[in-house]
Amino acid sequence: MTPNGMLLIAVYFAVVLMLAKPIGVHMAKVFEGRRTLLHPIFRPLEVLTYKLTGVDETAEQRWTHYTFALIAFSAFSFLFVYFLQRLQGLSPFNPQEFAATNVPPDLAFNTAVSFVTNTNWQAYSGESTLSYFVQMMALTVQNFASAAVGIAVAIALVRGFARQQVTTIGNFWVDLTRAVLYILLPISIVAALFFCSQGVLQNFHAYTHVTTLEGATQIIPQGPVASQEAIKMLGTNGGGFFGANSAHPFENPTPLTNLVQIVLIFLIPAGLTYTFGVMVGDRRQGWVIFSACSVMFLAGVLVCYGAEQKGNPVLSKLGIETAATPGQPGGNMEGKETRFGIAASALFATVTTDASCGAVNGMHDSFTPLGGLVPLFNIQTGEVIFGGTGAGLYGILLYAILAVFIAGLMVGRTPEYIGKKIGQKEVKMAMIALLSTAFSILVFSAISSIVSFPSPGKGATGQPVARSYWNPPGPAAANVANSGAHGFSEILYAYTSGAGNNGSAFGGINVNTPWYNLTIGLAMLIGRFLFLIPLLAAAGSLAAKKRTPTSAGTLPTHGPMFVGLLVGTVLLVGALTFFPALALGPIVEQFLMNQGKLFSFLLFPILGV
Amino acid sequence: MMATTAQMPAPIQTPSLLPQKLRRSRPLFDPEILRRATKDSFLKLNPLKLAKNPVMFVVEVGAALVTLFFLRDAIAGRGLLGFKFQISLWLWITVLFANFAEAMAEARGKAQADALRKTKTDAVAKRFFAGGQIEIVPASQLRVGDVVLAEAGDLIPGDGEVVDGIATVDESVITGESAPVIRESGGDRSAVTGGTKVLSDHIRIRITSNPGETFLDRMIALVEGAERQKTPNEIALNILIAGLTLIFLLAVATLHPFALYSVRSAGTGAVPTIAVLVSLLVCLIPTTIGGLLSAIGIAGMDRVMQDNVLAMSGKAVEASGDINTLLLDKTGTITLGNRQAVELIPFAGIDELELADAAQLSSLADETPEGRSIVVLSKEKYGLRGRQVADHEAQFIPFSAYTRMSGVNIDGRTLRKGASQAIESFVRDLGGVIPKSFQETADRISRMGGTPLAVADGSKLLGIVHLKDIVKGGMKERIAQLRAMGIRSVMITGDNPLTAAAIAAEAGVDDFLAQATPADKLEYIKREQAEGRLVAMTGDGTNDAPALAQADVGLAMNTGTMAAKEAGNMVDLDSNPTKLVEVVAIGKQLLITRGALTTFSIANDVAKYFAIIPAMFMATYPALAQFNIMGLHTPRSAVLAAVIFNALIIIALVPLALRGVKYRPIGAAALLRRNILIYGIGGIIAPFPGIWAIDQLLALLHLA
């Protein structure tokens, strides 16, 4: 690890730390209905929105109504995105004349689910699939909407802790509107303008054909990139305008834009920890969450960066220089952009998976096994290290509930968190949420590791089969580019990314087949809604409870002890659930790499040795 | 007005501040209990019964599955029979150990219930019927409202209220205390319990409960655990461990396809067998807490019982651990219950000895504790011996609520002592002078929490006796301990605010409620509860009943009225109001034990992964041998060692589950740090040497 790299990480963390409080205070004001500096501009818009949609902003909802509104909104969004893609042949702003054939139903389904669930898993490549109109009206709009939904759920859960003896947890439509108008929109506008200044594209031009010095023709894609780029990071969406995502120079041209992009990822999640503290009336509680996230973030980034900088021992043995020198970054540069180097790529990969962003500026598939394990494990623990916009906070509050429930008993009282007794309902809901993620990651990965599709010409009973619709014939696992443990990691990562609503691709796997589009789509739906609905139910139950005053007998949740407890719970639950799978993927791969075996070079027959 | 509880008669047995000796206790591993528990642990293998415990049910299904595969292979003559046999054996043992823990906890209660049942012989009742005649009927025919006669030597046929007469009653069946108690009509000592025995005199009793619903019946049901319902926290914990079981089921079930993929692509090794997969699952699911959870709950109830407190539900015991506010009656709980003379203050010009002499003479016939304490003080401090008043011509004037004084007319002197205003007017009426310092001294004593008692010799005011409420020894420490537990203690008294404040300060309580009426008490509880606090209190009088019912934990005294006992959710058979503190500690201990064993159980999993995962895939990926940090001999010995450790840890922790983790009143933060260190960090570390040792032993014995 180089001093430069460490400095980058330190500067990045310092910026996040500095911004957490002001943005946190702002968000608390917004959701408590207090006046902010932005009110003169956006309040008229807000009032107009309510007038047009017939929303009564003073009407509060029980958790069931809140959830129903959320589901209805998401269902409508899904249909909207799905049909906009399928009808893109009719759409304006389509200089490349992309048609519905570019987005078959399975891909349109996957993409619609992906953007509605804030996953932004991309089985397509933007520049060769979607019109500018679809990118803007379907995808960018969802980037705002799905992020706002996440924030709304988090705020509803926080209200569950902050309120007492009430039946309501807020109004979904109001929370959604305010999240967009006062938080997402203003910051995105500023960030988009900044990105334009740095060279990120923003136009409706047709693709440019140029002739290179070698005489070859190169197609250079264009489009309204900057406007999507800002919300892609801020809303922890991660869906790139181009297939190469933030590795593409038109999305992320300079080291400065790179830094701003990862700051944008953590901006709202880190701020929400402070909002939490303000809203429950004890800022220390917010700082404890912030600290626990910071500990896990720093540990993750150091492991990842360390592994990447150390590089591949197999290459070192071949005499390739892997130490950093003033002239070259050393380490494992495979799949990384030279303008970012090792540290900025490792930092980006860690941050994008700590949060549920999923934007990438390098290929995680090409990381060393240990370096790739960090993003994978980050997602598997539920993306609670600051996490997605809103999703991170409600995720870590789930772990806080579990930590308090298990350890809290050891002080000899019915466990309490923020004065709320943690009872059957909360534990049940937390377990359902935890189970749903584990289920969709493990079960779908398991099926895809062994399922096989019949070859054309002969079915299971010998009858002729014209074509295998779901996947190319043979094992679904054959869609991976690498064999053995690395291939397994590729499958595991795909479902992990989907179920965790991350959306980053490990790569090395062809996921644009109906089989993967469907199963990953289902994983995204389960991971989003079976996680978030139980937590809304918990919010309803918590809001109805009294708040017990703290005493010397209460488990203290505002000190370093609880930070340790929270971190321990996150890591232990994640490790216990996924250790067997990880052992057969990145862990054994790391051991083998150290012994000089690489899977990229090994094919099935040779492996038998 | 003073609350009734403040006037409650001194309990028959002197309440002790220290934890009561466990009267009915048996040694933890009594041979009879062990026998009973061993038998029950086999009966509990019935899957229908076990299904209530999701964790152990999964283990049983796993054990059955492995046994089936073993039998199939044994018939087919396939290999590795020894290994499969041992695995299935240890899986069954795991279930048996968990059953044994629960059976042990239950057996103690059952043994006690049997003992109680023996006393419930077929009693007969002497029932009055119209015209005042008596008919002899079996006790089982009594109904609410019947009036029966109980004479010396009779067993009282059912729960009831004394409507006429007074008798001494032996209640040792219920309380374990052999000293007889007095039961009389009217007032707070009118309740009698079926099954207790009249020792002298006779009483008429109105029956208040139907057969089968008596206190004794309820007590038997409670100690036997027949009506045991899972408490809220226990249910929540069950949900947690059931959820974890499902998660591990997912992790292990999907490991099979993952292994299939890995073996196919590596082209070597074998997919783990069912026996190994089941072993991993059983090791991962929280069998330790799953096996011990119900035992912890039953044992907690049992510990309350050993303290001679009858808890009507486990929920009440659990709630007592959560108590934020404890209401303590001043008299009998915080103070000794009777005031004592501590100082004699003569007025100017009066000799101290003269005052002592007069005070003593006026108190010689006064049998109240206050009177006796004056005699004692005069003797100890002024060397005045008790005199034979019979030699003199003495006429004693007893205390009356009307005159508010008492005294003696002796040798022509009229000695009086009493409330300051009463003596003041007595002296004035005789034409005496009131010294200037009189009011001042009286006020000063009041402010210190004492009661001024003026003494006069005819028209001459001699001085004031300082009567003091004596705070029980050790009470201050007790209350400090409560504060460390995070519990606010509130003193309830009928005294005026001035006196109450002084005693509250001396005892160190956090708050007090002076001149408290039962309605005030109820109001205070409701206010505390509205602020989210849980309140506990003790009471014995009928007018305590609403407050006892309102409190989250209401501990009724066994000497109290039926109404009080019905209203509370616990009855203290010793009638010791400070018992509430012990009950709170037991409630906390119960929760701590659950938390500690849950943490330990989950923390244990780390080591088991290190044992089993490399063993599973050593052939497919030899590189995973790096995970075998314990250096276990073979894959088979590693799996077996983990399974055996998992089973043994259950039986090893049975004593801890039954006795409970020790509770220390050191504050939540310190307690948490301590328990995390022992059960969290300890739980991660402990299995490593344990599994290693078992593996060594297995290798030594050539078992794997």
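Please refer to the structure placed before this passage.
Residues numbered from 1 in each chain as written. Chains lettered and ligands numbered in written order. Predicted model: local features only at pLDDT ≥ 70, side-chain atom pairs only at ≥ 80, totals over all residues. Heavy atoms only, no water.

### What about the overall build of chain B?
- Looking only at helices and strands, chain B features 25 helices and 21 strands.
- Taken against the 2.2 N^0.38 rule, which gives 27 Å for 704 residues, the C-alpha radius of gyration of chain B at 34 Å runs more than 25% over that of a compact globule.
- Projected onto its principal axes, the C-alpha coordinates of chain B cover approximately 120 × 65 × 45 Å.
- Residues counted as buried form 58% of the 704 residues belonging to chain B.
- For chain B, the distance from the average position of its 69 positive side-chain charges to the average position of its 68 negative side-chain charges is 8 Å. (Helix = DSSP H or I, 4+ residues; strand = E, 2+ residues; numbered from the N terminus. Rg over C-alpha atoms; globule rule 2.2 N^0.38 Å. Buried < 20%, exposed > 50% of the residue type's maximum accessible area, 1.4 Å probe, protein only. Lys, Arg positive; Asp, Glu negative; His and termini not counted. Charge placed at Lys NZ, Arg CZ, Asp CG, Glu CD.)

### Focus: helix H25 (residues 687-700) of chain B
All names here are of chain B.
- Its 14 residues give H25 an end-to-end C-alpha distance of 20 Å, which sits within 8% of 20 Å, the value for a rise of 1.5 Å per residue.
- Taken as a whole, H25 has its buried residues at Pro687, Phe688, Gly690, Ile691, Ile694, Asp695 and Leu698. Buried residues along H25 cover an arc of 165° about the axis, so they all sit on one side.
- The first or second residue beyond H25 is His702, which carries a positive phi of 55°. (Expected span 1.5 Å × (residues − 1). Arc of directions from axis to C-beta.)

### As for the interface of chain B and chain A
- If you look at the interface, chain B gives 67 residues, while chain A gives 67 residues.
- When chain B packs against chain A, close to 5,500 Å² is buried across both sides, 76% of that on carbon and sulfur atoms.
- The largest contributions to the chain B side of the interface with chain A come from B:Phe258, B:Tyr261 and B:Leu672, which together make up 14% of the buried area.
- The interface formed by chain B and chain A holds 1 salt bridge in total.
- Two residues, A:Lys421 and B:Asp322, come together in a salt bridge whose shortest N-O distance is 3.9 Å.
- For the pair chain B and chain A, the number of links is 12 residue pairs in polar contact (both at pLDDT 80 or more).
- No other element matches the 25 residues that helix H7 (residues 232-266) of chain B contributes to the side of chain B that touches chain A.
- Of the residues that constitute the side of chain B that touches chain A, the class distribution is 42 nonpolar, 16 polar and 9 charged. (Contact = heavy atoms within 4.5 Å. Buried area = accessible area lost by both parts, 1.4 Å probe. Salt bridge = Lys/Arg side-chain N within 4 Å of Asp/Glu carboxyl O. Polar contact = N/O pair within 3.5 Å; in protein donor to acceptor, adjacent residues only side chain to side chain. Nonpolar A, V, L, I, M, F, W, Y, C, P; charged D, E, K, R; others polar.)

### Let's talk about empty space enclosed by the protein
All names here are of chain A.
- Scanning the model with the defined rule gives 9 cavities of 30 Å³ or more in all.
- Quantified by volume, the largest cavity comes out at close to 150 Å³.
- If you go around the largest cavity, you meet 13 residues; those closest to its centre are Gly382, Glu383, Gly500, Gly527 and Phe531.
- Class assignment of the residues belonging to the lining of the largest cavity gives a composition of 4 nonpolar, 7 polar and 2 charged.
- Considering the residues around the second largest cavity, the lining is formed by 14 residues, among which Gln380, Tyr399, Leu434, Thr437 and Phe578 are closest to the centre.
- Among the secondary structure elements, those contributing two or more residues to the lining of the second largest cavity are helix H14 (424-450) and helix H17 (560-594).
- Broken down by element, the lining of the second largest cavity gets its largest block of residues, 4 residues, from H17.
- Each residue belonging to the lining of the second largest cavity can be placed in one class, and the counts come to 8 nonpolar, 6 polar and no charged. (1 Å grid on protein atoms, 1.4 Å probe; cavity = no way out; pocket = protein on both sides within 12 Å on 5 of 7 lines; lining within 4 Å. Points joined across faces, edges and corners; volume = space filled by probe spheres on them.)

Geometric descriptors of this kind do not, in isolation, establish any biological role.
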